[in-house]
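In case you want the letters, here they are:
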Amino acid sequence: MKIGIFDSGYGGMTILRQIRQYLPQYDYLYLGDNARAPYGPHSFDVIYRFTLEAVESLLNRDCQLVILACNTASAKALRTIQMNDLPRFGSDRRVLGVIRPTVECIPELTKSHHVGLLATAGTVNSGSYTMELKKTDPEMQLTALACPMWVPLVEYNEYDSPGADYFVKKRLDQLMLLDPKIDTIILGCTHFPLLMRKIVKFAPAGVRIVEQGEYVAKSLVDYLKRHPEIESKVSRGGTCQYLTTESSGKFREAAAVFLHETDIKVDEVKLPEC
């Protein structure tokens, strides 16, 4: 049995990279529904259906647990899949998201209890981060701002160009104007770590930037320790396979950016599968 990692786009590879750094011994299967990305503009029902199709594909390929390395899918589909669909695959399968592990670290990082969120419009509008953050600490104040240009900057390989400065600085300035007390900013999109150099450059001094990958990986380490009945079923070959609903060539180009790997084998699949 493998650990499945799913994302609608390419950014989930930043989560995969961190997980494999912390847990290199396990076997992984990564699925990118790149042909139907981005999920954000779609309705809740469509996002749920697309995500469920991907989860079913991974579970049917012998994944013991699946990580939704996609904030939109985690925000709009995770809970429904866990409650309504997962029981069909048996009591020993799991589907986890990236929002809760990200939020759980925040109380230890912020001193002002004023937190910023930079994400896609779909994630911001879902309200999931606000809900999860209030569970950890009702006194937390979250200010969320959508960054519609940041994902294209990454996917068109312009994230390190001088032209990216304007878009990164503009959103950071807007966020801090909305709440000058913010001392911690969550990057609520898996594409955004590639903009980290720009973000650190334009963020106010002393403001902590929270990249999801590290915290999701640490959370998974802890989860497997607490659930030996799940951990014991995951194979330990140190391998990673890749699936995409887009062209394998395009996926390999993205992998060079997100994974810093150029020699990977990718298989093309269709969703839904008959």
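Scroll up a little and you will see the structure.
Residues numbered from 1 in each chain as written. Predicted model: local features only at pLDDT ≥ 70, side-chain atom pairs only at ≥ 80, totals over all residues. Heavy atoms only, no water.

A. Structural view of the side chain of threonine 51. When you line up the elements, threonine 51 lands in helix H2 (residues 44–60). Residue class for threonine 51 comes out buried when judged on its relative accessible area of 0%. Not counting residues up to four positions away in its chain, the partners in contact with threonine 51 are Phe6, Tyr39, Leu68, Ala73, Ala77 and Ile81. (Helix = DSSP H or I, 4+ residues; strand = E, 2+ residues; numbered from the N terminus. Buried < 20%, exposed > 50% of the residue type's maximum accessible area, 1.4 Å probe, protein only. Contact = heavy atoms within 4.5 Å.)

B. Quick look at the packing of helix H1 (residues 12–22) against helix H14 (residues 248–258). One can describe the packing of H1 onto H14 by two numbers: an axis separation of 10 Å at closest approach and a directional angle of 55 degrees. Taken together, H1 and H14 sit at an angle that is classed as oblique. The handedness of the crossing between H1 and H14 comes out as right-handed. Facing H1, whose interface residues are Met13, Thr14 and Arg17, H14 presents Phe251, Ala254, Ala255 and Phe258. (Axes fitted to C-alpha atoms, helices over the stretch in contact; angles between N-to-C directions. Parallel < 35°, antiparallel > 145°, perpendicular 65-115°, else oblique. Left-handed = near helix turned anticlockwise from the far one by under 90°.)

C. Layout of the packing of H2 against helix H4 (residues 78–85). It is at 10 Å that the axes of H2 and H4 come closest, and there the two elements cross at 60 degrees. Between H2 and H4, the angle falls in the class oblique. In this structure, the crossing between H2 and H4 has a hand that is right-handed. Residues Phe44, Tyr48, Thr51, Leu52 and Val55 of H2 form the contact with H4, whose own contacting residues are Thr80, Ile81 and Asp85. By residue class, the composition of the contact of H2 with H4 is five nonpolar, two polar and one charged. (Nonpolar A, V, L, I, M, F, W, Y, C, P; charged D, E, K, R; others polar.)

D. Representation of the pattern of salt bridges in the model. Taken as a whole and judged by the stated rule, the model has 19 salt bridges. When the shortest N-O distance is used, the salt bridge between aspartate 85 and arginine 88 registers 3.8 Å. For arginine 88, a relative accessible area of 52% translates into the label exposed. The shortest N-O distance in the salt bridge between glutamate 214 and lysine 218 comes to 2.9 Å. Pair noted here: glutamate 214 and lysine 218 are both in helix H12 (residues 212–226), with a separation of four residues, about one helical turn. Here glutamate 214 falls in the partly exposed class, since its relative accessible area comes to 29%. When salt bridges that share partners are traced, they join Asp33, Arg36, Arg49 and Glu53 into one network. (Salt bridge = Lys/Arg side-chain N within 4 Å of Asp/Glu carboxyl O.)

E. Representation of unusual backbone geometry. Here alanine 37 and proline 38 are connected by a cis peptide whose omega angle stands at 0 degrees. Among the secondary structure elements, proline 38 is positioned in the loop between strand E2 (28–32) and H2. Residue proline 272 follows leucine 271 across a cis peptide bond; omega there is -5 degrees. Considering the arrangement of structural elements, one finds proline 272 in the segment after strand E10 (266–268). One non-glycine residue, histidine 113, lies in positive phi territory at about 65 degrees. Of note, the phi angle at asparagine 157 is positive, near 60 degrees, even though the residue is not glycine. Turning to its location among the elements, asparagine 157 is positioned in the loop between helix H9 (150–155) and helix H10 (164–178).

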